[in-house]
Amino acid sequence: MRRPLHLLLAAALSAVALGLAATPGASASDNVVADAAGTQPYASYWYPNTILNWDPATDPDARFNRSRVPLKARVSDPALKANANARAGEAEVASLVSFAPTSNNPSQGSLDPRYYAFGHWQYVDKLVFWGGSAGEGLILAPNPTVIDAAHRNGVKVYGTVFFPPTAYGGQIQWVRDFVQKSGTRYPVADKLAQAAQYYGFDGWFINQETAGGDSALATEMRNTLRYARSLGPVEFMWYDAMTESGSVSWQDALTTANDAFLQEGSQRTSDSMFLDFGWGAAALDSSRTLARSLGRDEYELFAGVDTEANGYDTSVPWSAVFPAGRPHTTSLGLYRPEWTHNSSTGRADSYAREARYWDGASGDPSDTTTTSSWKGLATYVAESSPVTANPFVTSFDAGQGDFYHSGGVKVSTSGWNNLSLQDVPPTYRWLVTSTGTKLKPSIDFTDAYEGGSALRLTGVLDAVNTVRLYQSRLPVAADTKLSVVLKTPAAGPSRLKAAVSFTDSPTTFTTLDLGSTTTAGWERRTLDLSAYAGRTVAQIGLQTTGTAASYDVRVGQLAFYDGTVDVPSAPSAPTVLGSTDTGATSRSLRMAWTASAAGDVHHYEVYRRNPDGSRTFLGATPNDSYFVPRLDRVGAETSTTLDVEAVSTEYGRSSAASTTVTWAATGEVNLALNRPATASGQCNSTETPAKAVNGSTSGGNGDKWCALTGAKWLEVDLGASRSVGRFVVKHAAAGGESASWNTRDFTVEVRDGATEPWRTAVTVTGNTAATTTHPVSVTARYVRLSITKPTQTTDPAARVYEFEAWGA
């Protein structure tokens, strides 16, 4: 993009200052047993030449980066749009969002509850997972949590290919590497298609802003895009920067200088184009005319609006793209709408800013009258909904929280974020009609039935209130049920009804009374809809009646399903792929299991069994692989049982499949500490093998063993055959050096006698962590660390600050 990319450029410059180089995105295949490390997997990122070496069969993080949620179909009924001015079926909205820096972007959420858990998918058609920098990597694949959430809402997701301006580290050779050709194939394009198909996302956003090209390079770029599109269901959005001459010259429009990147004669080059930010009414009108003359839809052009710095205070010529009383001119591209989160003081402020950005200043998408020029996107674009088939279940889980509940029971007190668990947010945020005081709906983070949040209705109840929640297209059969889980502050009348309308009269609600509660806890009401069989539900809402000076009710779940609640079969063969110590009594784990053989699974939940018989929630994923960020040892327990259970799309739960993690016995010691050590060589007279067994990483850069020999190995004599339960290796960053020098590929070998053959105990590929822990169960006198790839880069030196063998 033309204006400075503050977050990305800061990351790029800091990476350059630290001497970092790109590492192929951490990612192990379903068919490969991963290494023993249980380190954090991250979203994949590459340079054009490093992606050529990427193979999900050898990338230890790849299986953790897969989305398992297919793209849902959506509906948008013009009769049910919230705002009278909004239009359905015209302009689309593309949202370019940076969820984290290019590197260190967790694959499956984290234990940090402060996160951009976007909740206005109903106004977005495409999400670009924005990133890339000269110092980290140019090609960024989206992580699966974002893909999962977007696909549940019918939104396509694109990764990013970013060639930065030369002022920010861009190199024209990277562009040439990108379009390199081998016979009739373009190898980088092959990898882009492979990554999209393996990880489960929909396409790529191509942002070429590096100067120094020529017309031949521009031609090859177009050939590459056309070739990539031919490889299968992968889409491409082109950014208005590089022109057909090869120079970088932003047009702020579709012009004869850049139109070949959209369409060249009868050849479709890209699926859409993002127009830079300087457009006006004339530029968009001419862009529409030119697109039509090329046989392309004007809504394949996205007029860019940069909100990174000022959010909803950004000045935008709205009438140019959304002229009053006339069809939309083009589609709209929003750059960095996560400003609402980044500029906020906390979660409540973030949600208030997001509501103003999308719904308008009043928090009511039907009423966007305001003196501000930013009316909210609801003013122009009608809502879309993925609620098109049974079952439909929502617990109003926002994909983040300060605790986790299962069936109304608190099973974790840890904060978290994981968009894979986000339910489809309400279509209307918020639409309340009343002849009296309007109640206030909100997403409540103080209680939940499933996950970390619930729907809450509060305020003075002095008249009937109808709360429209979801637009839908749900068929009703003879056995269709509507289930509602609710909670009142005390037993008594709920004054609450479920409200549905049908497609034959979509604005007229039929209500079903939920009656009184008998406790102050969560209670379920299951309503029989057989009387409406053959009809189709067009809207889902709630209605309150009666009066209350201080009304307060929570809704923990709404569910439409046919017949009885389906229960999936249990997953099988759960396995701990690797474990890494994160503290004296805590670990992180990589886990995998075989997916349930029967039943439609929404997600899998992972628990630890506690000594008192209770269970603690560790995390969840739709995938068959999961990273557990923290497993705490309870007391002096010698083992911990982990349960994995499947949750169906109707929220039936399978029985659990289990595995066990063993903790080291009390009294475990580092058997290698200060023992005799030898090595293949050393970089200088001070970086000796003894430095790797002296128990210290704090003595500066010289407090390590370093080797430049061809074969690189470090051997320790434990003095006698000893029982070893784990090896710990502390790499370059553990001693304060660059993470790019952390050992990437290595093995640990053992033997009992000096003349015996070595036995391989540990094999690691693709490591990026500073400290790695490798559980084993071996007996040996001699242990050897053999390094096959010493760094993340081409640097040839092995750097090991400590090599530890823990046992008794």
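That block above? That's the structure.
Remember, predicted model here, so these are calculated numbers, not experimental data. (Residues numbered from 1 in each chain as written. Predicted model: local features only at pLDDT ≥ 70, side-chain atom pairs only at ≥ 80, totals over all residues. Heavy atoms only, no water.)

1. A few points about the overall build of the protein
A tally of regular secondary structure across the protein gives 10 helices and 45 strands. Its C-alpha radius of gyration of 29 Å places the protein within 12% of the 28 Å reference for a compact globule of 808 residues. Reported as C-alpha extents along the three principal axes, the dimensions of the protein are approximately 90 × 70 × 45 Å. Evaluated residue by residue, the protein yields a buried proportion of 60% over its 808 residues. For the protein, the distance from the average position of its 67 positive side-chain charges to the average position of its 78 negative side-chain charges is 1 Å. (Helix = DSSP H or I, 4+ residues; strand = E, 2+ residues; numbered from the N terminus. Rg over C-alpha atoms; globule rule 2.2 N^0.38 Å. Buried < 20%, exposed > 50% of the residue type's maximum accessible area, 1.4 Å probe, protein only. Lys, Arg positive; Asp, Glu negative; His and termini not counted. Charge placed at Lys NZ, Arg CZ, Asp CG, Glu CD.)

2. Quick word on the packing of aromatic side chains
Using the criterion set out here, one finds 41 aromatic pairs in the structure. Note on Phe99 and Tyr116: the rings are 5.7 Å apart at their centroids and 45 degrees apart in plane angle, and the pair reads as tilted. With Phe99 in the loop between strand 2 (93-97) and strand 3 (126-129) and Tyr116 in the loop between strand 2 and strand 3, this pair connects stretches of sequence that are 17 residues apart. For the pair formed by Phe99 and Tyr116, the shared burial category is buried. With a centroid separation of 5.8 Å and 20 degrees between ring planes, the pair formed by Phe99 and Phe129 is classed as stacked. Taken as a pair, Phe99 in the loop between strand 2 and strand 3 and Phe129 in strand 3 lie far apart in primary sequence, 30 residues in all. Across this residue pair, the class does not change: Phe99 and Phe129 are buried. A cation sits over an aromatic face here: Arg222 above Phe261, 5.3 Å from the ring centre. The aromatic ring of Phe502 is capped on one face by Arg535, whose charged end is 4.1 Å from the ring centroid. (Phe/Tyr/Trp six-rings, centres within 6.5 Å; stacked < 30°, edge-to-face > 60°. Lys NZ or Arg CZ within 6 Å of the ring centre and 35° of its normal.)

3. Some remarks on the nonpolar core
Soluble globular proteins tend to pack their nonpolar side chains together in the buried interior. Ranked by internal contacts, the top residues of the largest apolar core, which has 88 residues, are Trp46, Phe99, Phe178, Leu192, Tyr199 and Trp204. Broken down by element, this core gets its largest block of residues, eight residues, from helix 5 (residues 187-199). The next biggest cluster of nonpolar side chains, apart from the first, holds 39 residues, and it includes Val387, Val476, Leu514 and Leu527. (Core = buried A, V, L, I, M, F, W, Y, C linked by side-chain atoms within 4.5 Å.)

4. Overview of the pattern of salt bridges
The final tally for this structure, using the stated rule, is 44 salt bridges. The shortest N-O distance in the salt bridge between Arg456 and Asp552 comes to 2.7 Å. Of this pair, Arg456 sits in strand 20 (residues 454-461) while Asp552 is found in strand 29 (residues 548-562), placing the two residues 96 residues apart along the sequence. Here Asp552 falls in the buried class, since its relative accessible area comes to 19%. The partner of Lys730 in a salt bridge is Glu804, and the shortest N-O contact between them spans 3.4 Å. One end of the pair, Lys730, is in strand 40 (residues 712-730); the other, Glu804, is in strand 45 (residues 802-807), and 74 residues separate them in sequence. Within the structure, one salt-bridge network assembled from shared partners comprises Glu450, Glu605, Arg609, Arg615, Asp643, Glu645 and Arg653. (Salt bridge = Lys/Arg side-chain N within 4 Å of Asp/Glu carboxyl O.)

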